[in-house]
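Topology and contacts: notes
Spelled out, the chains give:
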Amino acid sequence: DTEVTQTPKHLVMGMTNKKSLKCEQHMGHRAMYWYKQKAKKPPELMFVYSYEKLSINESVPSRFSPECPNSSLLNLHLHALQPEDSALYLCASSHLASKTSYEQYFGPGTRLTVT
Amino acid sequence: AQKITQTQPGMFVQEKEAVTLDCTYDTSDPSYGLFWYKQPSSGEMIFLIYQGSYDQQNATEGRYSLNFQKARKSANLVISASQLGDSAMYFCAMRRRSSNTGKLIFGQGTTLQVKP
């Protein structure tokens, strides 16, 4: 099973709302990632978790708050977002982050619209 | 600086023909991995093929092959016998061995359209 699942598929939220994106994998991967992708652009890394610990925060604004409750789950909590935060949010996972040969498997993404 | 360059924003290919998508990279790290991903309009990033910097042979996966020229720092993707379902955006990416975080550096992507 090489599947990464993400919920919801689509999300529309106001600037004062609080919502969460969820990601799950059952491949035994110990590295998980959040990316943000604007249309026609490459994904931009936001956060990396290794062994359930945050190892990279790419200077992401605090209105995005990641959480890794266990080795299979990754959440992204959203609060007081701006319209420019509208994008496709992709979750990915891989084996040990330190190995170059381990490809990242991506989920289908959540299309977020902030109104 | 680590960088991936894809110089073809858009490409067209006739169905059943082969097509080459270009990718050049820049790194001073001797150990690195190169990846190609496909992203259809649905949004999911699909892993296609991997090439390690020390691999002696070019990687192949079905209709996909990677033309790896280390001295030129290029890692072009070759798709043989194109199919309509190959229409998508394609990203070349690099991961350095010295980066313990698994961070992928992506190119800007190439949009491929397969004509019937």
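This one's a predicted model, so the numbers in the text were calculated from it and none came from an experiment.

**Here we look at the packing of aromatic side chains**
On inspection of all chains with the given rule, the structure shows twelve aromatic pairs over all chains. Considering the side-chain rings of Y25(B) and Y32(B), the 5.1 Å spacing of their centres and the 55° angle between planes classify their relative orientation as tilted. Given the relative accessible area of 5%, Y25(B) is considered buried. For the pair F35(B) and Y50(B), a centre-to-centre distance of 5.0 Å together with 50° between the ring planes defines the contact as tilted. Here Y50(B) lies in strand β6 (residues 46-52) and F35(B) lies in strand β5 (residues 32-39), a separation of 15 residues in the sequence. Among the residues examined, F35(B) registers a relative accessible area of 1% and is labelled buried. One aromatic cluster is present, built from ring pairs that chain together Y33(A), Y35(A), F106(A), F35(B), Y37(B), F47(B), Y50(B), F91(B) and F106(B). R63(B) extends its terminal NZ or CZ atom over the ring of Y64(B), reaching a point 5.7 Å from the ring centre. Here the basic side chain of K115(B) rests over the ring of F12(B), its NZ or CZ set 4.9 Å away from the ring centre.

**As for the sheet that holds strand β3 (residues 18-25) of chain A**
The strands making up a sheet associate through hydrogen bonds between their backbones, and the pairing can be parallel or antiparallel. Residue and element names in this part refer to chain A. Pairing is antiparallel in the open sheet, where four strands are placed in the order β1-β3-β8-β7. Strand pairing shows two members of the sheet lacking a second neighbour, β1 (4-7) and β7 (64-70), which therefore form its edges. Ignoring which end each strand starts from, the neighbouring axes of this sheet average 20° apart. As judged from the seven bridges shared by β3 and strand β8 (residues 73-79), these two strands associate in the antiparallel manner.

**Considerations on the side chain of Q104(A)**
Tracing the backbone shows Q104(A) in the loop between β9 (87-94) and β10 (105-106). Discounting residues that sit within four places of it in the chain, Q104(A) has contacts with Y33(A), Y35(A), A92(A), S93(A), S94(A), Y37(B), F47(B), R95(B), G102(B) and L104(B).

**A look at the layout of surface pockets**
Rolling a probe over the atoms, with the probe sized like a water molecule, indicates the empty space that remains. By volume, the largest pocket amounts to about 350 Å³. Along the wall of the largest pocket there are 16 residues; nearest its centre are K40(A), Q39(B), P40(B), S41(B) and M89(B). Residues belonging to the lining of the largest pocket are distributed by class as follows: six nonpolar, six polar and four charged.

**Re the state of the cysteines**
In the structure shown here, the tally under the stated rule is two disulfides over all chains. Between the sulfur of C23(A) and that of C91(A) lies a disulfide, 1.8 Å long from S to S. Taking the sign of the S-S torsion, -70° for the link of C23(A) and C91(A), the bridge is left-handed. One end of the pair, C23(A), is in strand β3; the other, C91(A), is in strand β9, with 68 residues separating them in the sequence. Neither C23(A) nor C91(A) differs from the other in exposure class; each is buried. Between the sulfur of C23(B) and that of C92(B) lies a disulfide, 2.0 Å long from S to S. One disulfide, between C23(B) and C92(B), carries an S-S torsion of -65° and so falls in the left-handed class. Taken together, the residues C23(B) in the loop between β3 (19-21) and β4 (24-26) and C92(B) in strand β10 (residues 88-96) connect sequence positions 69 residues apart. Assigned by exposure class, C23(B) and C92(B) land together as buried. Looking at C68(A), it has no disulfide partner, and the nearest cysteine sulfur is the one in C23(A), 9.1 Å off. Taking the relative accessible area as the measure of exposure, C68(A) reaches 13% and is therefore buried.

**Focus on the nonpolar core**
What tends to happen in soluble globular proteins is that the nonpolar side chains get buried as a cluster. Core analysis: the biggest nonpolar cluster contains 26 residues, and W36(B), L77(B) and Y90(B) have the highest contact counts within it. Sort the elements by how many residues they give to this core and β10(B) lands first, with four residues. Other than its neighbours up to four places away in sequence, L77(B) contacts V19(B), T20(B), L21(B), W36(B), L48(B), I49(B), Y64(B), S65(B) and Y90(B). L21(A), L74(A), L76(A) and L78(A) belong to the second-largest nonpolar core, a separate cluster that totals 23 residues.

**Things to note about the interface of chain B and chain A**
Tallying the contact residues gives 27 residues for chain B and 27 residues for chain A. For the pair chain B and chain A, the two sides together bury roughly 2,100 Å², of which 54% comes from carbon and sulfur. Sorting the residues of chain B by area buried against chain A places R95(B), T101(B) and K103(B) first, and these three jointly supply 25% of that buried surface. Between chain B and chain A we count one salt bridge in total. Between E58(A) and K103(B) there is a salt bridge, with its nearest N and O atoms 2.8 Å apart. Our count for the chain B to chain A interface comes out at five residue pairs in polar contact (both at pLDDT 80 or more). At the level of secondary structure, the elements contributing two or more residues to the side of chain B that touches chain A comprise β5, β6 and β10 of chain B.

Calculation rules
- Residues numbered from 1 in each chain as written.
- Chains lettered and ligands numbered in written order.
- Predicted model: local features only at pLDDT ≥ 70, side-chain atom pairs only at ≥ 80, totals over all residues.
- Heavy atoms only, no water.
- Phe/Tyr/Trp six-rings, centres within 6.5 Å; stacked < 30°, edge-to-face > 60°.
- Buried < 20%, exposed > 50% of the residue type's maximum accessible area, 1.4 Å probe, protein only.
- Helix = DSSP H or I, 4+ residues; strand = E, 2+ residues; numbered from the N terminus.
- Lys NZ or Arg CZ within 6 Å of the ring centre and 35° of its normal.
- Pairing = 2+ DSSP bridges.
- Axes fitted to C-alpha atoms, helices over the stretch in contact; angles between N-to-C directions.
- Contact = heavy atoms within 4.5 Å.
- 1 Å grid on protein atoms, 1.4 Å probe; cavity = no way out; pocket = protein on both sides within 12 Å on 5 of 7 lines; lining within 4 Å.
- Points joined across faces, edges and corners; volume = space filled by probe spheres on them.
- Nonpolar A, V, L, I, M, F, W, Y, C, P; charged D, E, K, R; others polar.
- Disulfide = S-S within 2.5 Å.
- Core = buried A, V, L, I, M, F, W, Y, C linked by side-chain atoms within 4.5 Å.
- Buried area = accessible area lost by both parts, 1.4 Å probe.
- Salt bridge = Lys/Arg side-chain N within 4 Å of Asp/Glu carboxyl O.
- Polar contact = N/O pair within 3.5 Å; in protein donor to acceptor, adjacent residues only side chain to side chain.

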